[in-house]
Amino acid sequence: MIRNFLITFSFSLLFSCQNTSISALEDPALKIEYGSGGCNFVETPTYIVNKNYVVYQDFCTHMVIYPDLASFKARNKEESAFAFDKNGMYVKGEFIKIDTSGFTFLGMNKEMDFLWKTKYKVFKNTAELKNIDVATFQPNPCKSNNGEVNDQYYKDKNFIYYFDKKTKGSDGATANTNPYDFCHDKNYIYFKGEVAIFGGEPYQYVNCDFFKTKKYVFRNGELVDDMHPDNLKALSGHYTRYNNDVYFRGNKTSMKIKNSSKVKVWTADNYDFYITDGKSIFKDGKEIDQKVDLPSFGFLSGAYCFYDKNGIYERVYNQESKKEIIEKLPFKNEEKINSKYISYNKFSGIIFYKNQAYATRTKSFYEDLTQREIAVGKAQKNDVDDFDGSNKVFIDYNFCKMYDRIYFRGKRTSFDAETFVPMDNSDQYSEDKYYKDKNVVSYCNERIRDIKKMSDIDVNSARTFNIFLIDKNFLYCKNVKIIKSAGIELLASFSGYRGGFCGLDSTPTSDFYLFKNSEGFWLVKISDKISYRFLGKVFDRKWEPSFEAINLAKKYGNNRTVAPQKKVKQEQNENKSKTIDNEVYNAVAVQIQTKYPGGIQKFYAFIKKNYVIPKEILDDESSRGGVFAKFIIEKDGSLSKIEVLHDIGYGSGKELERVLKLSPNWIPAIKDGKPVRCLYSIPYYVQ
C-alpha cells in the first residue's frame, strides 16, 4: 500500500493533574430548589436499583417495586420507562406478566403515554389496544401543517392513527413514508388526526413543501397569495415547478424549466441531492461549477462527492473565495470511470475505486491496496484510516487502544491496556464517565475533555450506581467524595433548577438525591458544586415538602404514590387544548399565520404611503426612530384593539394609529382549520 499524503501525529504521555478525590461541601441549610415547570420528581422515567428493591420515578410518580433483581434490567434513553425480569416486564413501574417476544418501543406523547408492542399485541402504557394490525403497526413520523416536526402519527396497513386514535377514512397503505413530509395518504392531508381543511375545503397534497385547495396555495403551512394552484406541479419531494420557475424547499431558485420531460432528480435517504434540467446539474437549486457528463452522472450519499465517466469530484468550501468549489479527486484511471467500482464508507469517510482509496476527512490518497486492505477499510466502523485492522481499536468516543497502549483523544496515557474498561453507566444521560484498570479508577468529563485519576478509590469494589460511583468506603460523584457507602440506598431523586429563558440565566442547573446509609438519611445536591445535608437517623416527611409523596413503607409492595401536578401548570395546559371562539392567539399557537395580502413589505408600503410625518419630526432630526404598536386581526381580517406601545412624540403614535385604522383586511390566522383572532405587533421607523 502506498500512501501519498502522509499525516503524522505526535503523541505525548497524559498525566492527570488530580490523583485523589475532593470532598463535598456540607450545607446544613440545603433545600430542594425547583425550576423545571412543576416536575415533582424527575423529567425522565428512571428505575433506581437498590440492594433489595427498585424505585421507579417519573414526572409525578414515586413507586417501590420488588422485581427479580438477578434478572432485572431497565432500558435506557427513550425506553427508560420500561424494564424486564424473568417473570415479565414493567411499564412506568407497573408489572405486566406477558410474553415479551418481539418487544418494540414505538413512541410517546407529551403526556408521557407510551406506545409499544410485542409480537402479538399493541399497548398504550399497560392497556392493550384492540383492532390494530400488530405486524404492520409502526410510527409514521411527519411534519405538521406549519412545518414543525410531528411524531404523533402511526400507521398499520389499514389506517393512520393520531397516537392511539384511529383516523377515520384514512388509508395506511398509502401513508407518507418521508418523515419531512406532511401526514397524508392518497386522499387527504391530516392535522391532529382530522382531515385538514381551509374554508370548508380539504387540502390537496403537492409535495413536502406545498399543498393547495382549488383557489389557494400554501407553502409549509403559510398562505401564498401570488401563486395559482393550477400552475403548481411537484417535481420531487422538495423540488416544485411553478410556471417555468423551480422552487427548492419552498424557496425560489435561479433554475428555469421549459420541458419537464428532461428533468431528473437524484434522491437518497428522503433528501433531494441533485437535479438537472437536461443541460446542467443543480445542487439545492444552485448550478454546480462543473461541466459533467449527464448520462454517467451519479453521487455518493453521505459525502460531498459526485462522479461521471471522467472522474470523481468533491465539493469543497474555499475560505479565500468564500464559496464552494469543485475539486477532482486524484484517482488514476486509464479508462472511463465505471460506477460499479465506486463505493463509500460513511463511518470513515473513505471513497474506494478499484484498488485506490481517498479519505475525505484527512485528505489522504491511497493506491495499490490489496484485496484484504480494501475489505478491512470497507468494514471499518470508526472515523479512522485503517486498512490493516490492527492499528486502532476504539473503546468509546474518548479512548482507543493502539499498539498495546491506551490513548485519550490522541494522547498516550499510562493506563494498563489489558485491564482498562469503561464502567457501566450507559443508562445515564451524562457527560461524566468513569473508567478503571487494575490500578486506578478515573473520571472523565466529555465537555471539559479532561481526565482525573482517583487513586483513593478501591478498584476491586468500585461500581457505578445511578449517576454515582461507589466503592466499599464512600459514595462519589464526578471526582468528589460525598458520604459513606455502608448500607447505601438511593430512595428518590428530584429535578432541581433548570435555568431561565434564552440562555441568559447563568444560574447552574441542579439535581437532588435522597440517600440512606448506615448513619441515617442524607440530601445531596449535584450542581456546579456538590453539597450534602445530614437529615437525621429516622425518616421524617416534614424535612421537605417534596418528601410528602414518597412511600418508603416497603411492606406496601407495589402501591403507587402519585403526587398531584401543580395546579397552575395543569390549568395552563388545559387552557391550551381548548379552542375558545373569541380567544386571541399569539403567532405560535396557530397553524397558519395571519398575513397581509401581498406580504408584509406591501403592508409597510401601505403605511409609508399614508403616514404623514409630523412637521416637528421633520424639523428635529434627533427625534426620528421607531413607533411600536400592537393590534388584533379579527376572524374577518379587520384590525381592532389598536394600541401604540411606544412612540417618539409629536403625535407620531396617533398618526400610526390613524393609518392602521385605514388598513385593508388581512388574511386571518387559522387554528384547527378555522379562522381565529390573532395578536400582531409591528415597528414602524419614521425617517
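Residues numbered from 1 in each chain as written. Predicted model: local features only at pLDDT ≥ 70, side-chain atom pairs only at ≥ 80, totals over all residues. Heavy atoms only, no water.

### Topic: the overall build of the chain
Within the chain, the regular secondary structure consists of five helices and 67 strands. For the chain, the proportion of its 687 residues judged to be buried stands at 48%. The long-range fraction of contacts in the chain, counting pairs at least 24 apart against all pairs at least 6 apart in sequence, stands at 47%. Here the chain displays about 35900 Å² of accessible surface, and carbon together with sulfur accounts for 49% of that area. (Helix = DSSP H or I, 4+ residues; strand = E, 2+ residues; numbered from the N terminus. Buried < 20%, exposed > 50% of the residue type's maximum accessible area, 1.4 Å probe, protein only. Contact = heavy atoms within 4.5 Å. Areas by Shrake-Rupley, 256 points an atom, 1.4 Å probe, with all protein chains shown as cover.)

### Section: the nonpolar core
Counting 37 residues, the largest nonpolar core has Ile482, Phe494, Leu514, Phe515 and Phe547 as the members making the most contacts within it. Residue assignment for this core shows that the elements contributing at least two residues are strand S55 (468-470), strand S56 (474-477), strand S57 (480-484), strand S58 (489-495), strand S59 (511-517), strand S60 (520-526) and strand S61 (530-536). In this view, Ile482 contacts Ala24, Phe468, Leu475, Tyr476, Cys477, Val524, Ile530 and Tyr532; residues no more than four positions away in its chain are not counted. (Core = buried A, V, L, I, M, F, W, Y, C linked by side-chain atoms within 4.5 Å.)

### So, the packing of aromatic side chains
Scanning the entire structure with this criterion turns up 64 aromatic pairs. Among the aromatic residues, those joined into a ring-pair cluster are Tyr239, Phe248, Trp266, Tyr271, Phe273, Tyr274, Phe297, Phe299, Phe306 and Tyr313. A cation over a ring is seen here: Lys166 above Phe159, with NZ or CZ 4.5 Å from the ring centre. Here Lys453 stacks its cationic end above the ring of Phe415, 5.1 Å away from the centre of that ring. (Phe/Tyr/Trp six-rings, centres within 6.5 Å; stacked < 30°, edge-to-face > 60°. Lys NZ or Arg CZ within 6 Å of the ring centre and 35° of its normal.)

### Some remarks on the sheet that holds strand S10 (residues 88-91)
In space, the four strands of this open sheet follow the order S8-S9-S10-S11, with antiparallel pairing throughout. A strand with exactly one partner marks an edge of an open sheet, and here the two such strands are strand S8 (73-74) and strand S11 (94-96). With three bridges connecting them, S10 and S11 associate as antiparallel partners. Across the sheet, residue Val91 finds its bridge partner in S11, namely Glu94. (Pairing = 2+ DSSP bridges.)

### A short note on the side chain of Gln356
For Gln356, the location among the structural elements is in strand S44 (residues 356-359). Taking relative accessible area as the criterion, Gln356 reaches 5% and is therefore assigned buried. Residue contacts for Gln356: discarding those within four places in its chain leaves Pro330, Phe331, Lys332, Ile351, Phe365, Tyr366, Glu367 and Leu369.

### Details of the pattern of salt bridges
Applying the stated criterion to the full structure yields 23 salt bridges. Lys481 serves as the salt-bridge partner of Asp456, at 4.0 Å between the closest nitrogen and oxygen. Here Asp456, found in the loop between strand S53 (450-454) and strand S54 (463-465), pairs with Lys481, found in strand S57; they are 25 residues apart in sequence, far enough to count as distant. Assessed through its relative accessible area of 30%, Asp456 is described here as partly exposed. Through salt bridges with shared partners, a single network forms among Lys121, Glu128 and Lys130. (Salt bridge = Lys/Arg side-chain N within 4 Å of Asp/Glu carboxyl O.)

### Digging into unusual backbone geometry
In this model, Asn131 sits at a positive phi of 55°, which is unusual for a non-glycine residue. Within the secondary structure, Asn131 is located in the loop between strand S15 (127-129) and strand S16 (138-139). Look at Phe163: it is not a glycine, yet its phi comes out positive at around 55°. Topologically, Phe163 is positioned in the loop between strand S20 (160-162) and strand S21 (165-166).

### Some details on the packing of helix H3 (residues 600-610) against helix H5 (residues 652-661)
Running from N to C, H3 and H5 cross one another at 120°; their axes reach a closest spacing of 10 Å. Taken together, the axes of H3 and H5 lie oblique to each other. In terms of crossing hand, the pair formed by H3 and H5 is right-handed. Contacts between H3 and H5 involve Phe603, Phe606, Ile607 and Asn610 from the first element and Glu655, Leu656, Arg658, Val659 and Leu660 from the second. (Axes fitted to C-alpha atoms, helices over the stretch in contact; angles between N-to-C directions. Parallel < 35°, antiparallel > 145°, perpendicular 65-115°, else oblique. Left-handed = near helix turned anticlockwise from the far one by under 90°.)

### Quick notes on the sheet that holds S20
Here four strands make up an open sheet; going across it, the order is S16-S19-S20-S21 and the pairing antiparallel. Taken across any chain shown, the strands that pair with only one partner, and hence form the sheet edges, are S16 and S21. Pairing between S20 and S21: two bridges, direction antiparallel. Bridged to Tyr161 within S21 is Lys166.

### Concerning the pairing of S59
A regular strand places its side chains on the two faces of the sheet in alternate fashion. For S59, the buried fraction is high: five of the seven residues fall into the buried class. In this structure, S58 lies alongside S59, joined through six bridges in antiparallel fashion. By the bridge assignment, Ser493 is partnered in S59 with Tyr513. The antiparallel hairpin formed by S59 and S60 contains two residues in its connecting segment.

### Quick notes on the pairing of strand S48 (residues 405-408)
In this structure, strand S47 (residues 399-402) lies alongside S48, joined through four bridges in antiparallel fashion. Bridge pairing in S48 places Met402 opposite Arg405. Between S47 and S48, which pair antiparallel and follow one another directly, the connecting turn spans two residues, one of which, Tyr403, has a positive phi of 55°. Bridging between S48 and strand S49 (residues 411-413) involves two bridges; their strand directions are antiparallel. Bridging across to S49, Tyr407 finds its partner in Arg412. Counted between consecutive antiparallel strands, the loop separating S48 from S49 contains two residues, among which Arg409 sits at a positive phi close to 50°.

### A look at the side chain of Ser364
Structurally, Ser364 can be placed in strand S45 (residues 364-367). Judged by its relative accessible area of 0%, Ser364 is buried. Within the structure, the side chain of Ser364 is placed 3.1 Å from the side chain of Thr362, a separation counted as a polar contact. (Polar contact = N/O pair within 3.5 Å; in protein donor to acceptor, adjacent residues only side chain to side chain.)

### Some points on a nonpolar patch on the surface
Taken together, Tyr188, Val195 and Ile197 make up a surface patch of nonpolar side chains, about 200 Å² in accessible area. One can find Tyr188 in the loop between S21 and strand S22 (190-191). The exposure class assigned to Tyr188 is partly exposed, which follows from its relative accessible area of 33%. (Patch = residues over 30% accessible without salt bridge, like charges linked within 9 Å, V, L, I, M, F, W, Y side chains within 5 Å.)

### As for the environment of Gly302
Structurally, the position occupied by Gly302 is in the loop between strand S38 (298-300) and strand S39 (305-308). By relative accessible area, Gly302 is classed as exposed at 57%. Separated by 45 residues in the primary sequence, Gly302 and Phe347 place their C-alpha atoms 9.6 Å from one another.

### Digging into helix H1 (residues 371-379)
Looking only at H1, the buried set comprises Glu373, Ile374, Val376 and Gly377. Burial along H1 is one-sided: seen end-on, the buried residues are contained in an arc of 165°. Exposed side chains of H1 directed beyond 90 degrees from the buried face belong to Gln371 and Arg372. Residues of H1 that are buried make contact with strand S42 (342-345) and strand S43 (350-353). (Arc of directions from axis to C-beta.)

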